[in-house]
Amino acid sequence: RGKPVPLVIDGVEFALRQPTPLEVDRMQYQQTRAHDKALADYRADGLGDAPVTAGLAETIRIYNEMQDIAYRKAQEKGDTEAATSIAREQERAAGQWPTTLADERARDHARRTTARWCIDNLLDGDKTAWRELTAPDPLERREVAQALQRLLMLVNHDPNLNRRKD
């Protein structure tokens, strides 16, 4: 296991410790379960054919536009290796974006569930101070979001941990 991810809120130090492989399995189980349940519920509510939100559609458009620019620049430089890499990344990303409102909302729910699981199970520090400093919702704090992002990057890219391959 690696070092904890440090986190300071209003001068009080906390950390998110890196999970064990068993904890990663539990976290991914909760994430998958939350996603699948939310997706089924949203589809039952009739959102299975609704388009993604305008915000996500714009994010996808900007991402694709930036990738297209990078691809053209690589082509202009004659860097076929970089151009090929960019094209492959765009193809991979296209398969990762939610395609319906149900998909988008289920993904967002699963992300929040995972974040809360990490806080509940991996937080080191004074829990009373944590509750007081992060009320009403720790996920609304920029510092918390950044620490969670760093932790999940480590979890998802550590070859020594069992991680999702999809």
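Everything discussed here concerns the structure shown above.
None of these values were measured; they are calculated from a predicted model.

When you go through the protein residue by residue, the secondary structure sums to 6 helices and 3 strands. Listing every helix and strand of the protein by position from the N terminus yields β-β-α-α-α-α-β-α-α. Counting only C-alpha atoms and orienting by the principal axes, one finds that the protein spans roughly 55 × 45 × 30 Å. Burial statistics for the protein: of 166 residues in total, 36% are counted as buried. Long-range pairs, those at least 24 residues apart, make up 72% of the contacts in the protein with a sequence separation of at least 6.

On to the environment of L133. Inspection of the secondary structure assignment puts L133 in helix 5 (residues 127-134). C-alpha separation for the pair L133 and V12, spaced 121 residues apart in sequence, amounts to 8.9 Å. Excluding anything up to four places from it in sequence, L133 contacts I9, D10, V12, F14 and R141.

What follows covers the sheet that holds strand 3 (residues 123-124). Pairing is antiparallel in the open sheet, where 3 strands are placed in the order 1-2-3. The open sheet is flanked by strand 1 (5-9) and strand 3, the only strands paired with a single partner. Most of the contacts of helix 6 (residues 142-157) go to strand 1, to which it runs at about 175 degrees, and overall it touches strand 1 and strand 2 (12-16).

Side-chain pairs of opposite charge can arise whenever the charged atoms involved come near each other. All chains considered together, the criterion is met by 10 salt bridges. In this structure, D41 and K37 form a salt bridge, with 3.0 Å as the shortest nitrogen-oxygen distance. Of the two residues, D41 and K37 both sit in helix 1 (residues 21-44), 4 residues apart, roughly one turn of that helix. Overall, the relative accessible area of 52% leaves K37 in the exposed class. With its nearest N and O atoms 3.0 Å apart, the salt bridge here joins R141 to E143. Connected through shared salt-bridge partners, D10, R141 and E143 make up one network.

Before going further, it helps to examine the packing of helix 2 (residues 54-77) against helix 3 (residues 80-96). Interaxial distance between helix 2 and helix 3 falls to 8 Å at its minimum, and their mutual angle equals 160 degrees. Taken together, the axes of helix 2 and helix 3 are roughly antiparallel relative to one another. Once helix 2 is placed against helix 3, the crossing between them reads as left-handed. Here Y63, N64, Q67, D68, A70, Y71, A74 and Q75 of helix 2 lie close against helix 3, whose contacting residues are T80, A82, A83, I86, A87, E89, Q90 and A93. Grouping the amino acids of the contact of helix 2 with helix 3 by side-chain chemistry returns 9 nonpolar, 5 polar and 2 charged.

Thresholds applied
- Residues numbered from 1 in each chain as written.
- Predicted model: local features only at pLDDT ≥ 70, side-chain atom pairs only at ≥ 80, totals over all residues.
- Heavy atoms only, no water.
- Helix = DSSP H or I, 4+ residues; strand = E, 2+ residues; numbered from the N terminus.
- Buried < 20%, exposed > 50% of the residue type's maximum accessible area, 1.4 Å probe, protein only.
- Contact = heavy atoms within 4.5 Å.
- Pairing = 2+ DSSP bridges.
- Axes fitted to C-alpha atoms, helices over the stretch in contact; angles between N-to-C directions.
- Salt bridge = Lys/Arg side-chain N within 4 Å of Asp/Glu carboxyl O.
- Parallel < 35°, antiparallel > 145°, perpendicular 65-115°, else oblique.
- Left-handed = near helix turned anticlockwise from the far one by under 90°.
- Nonpolar A, V, L, I, M, F, W, Y, C, P; charged D, E, K, R; others polar.

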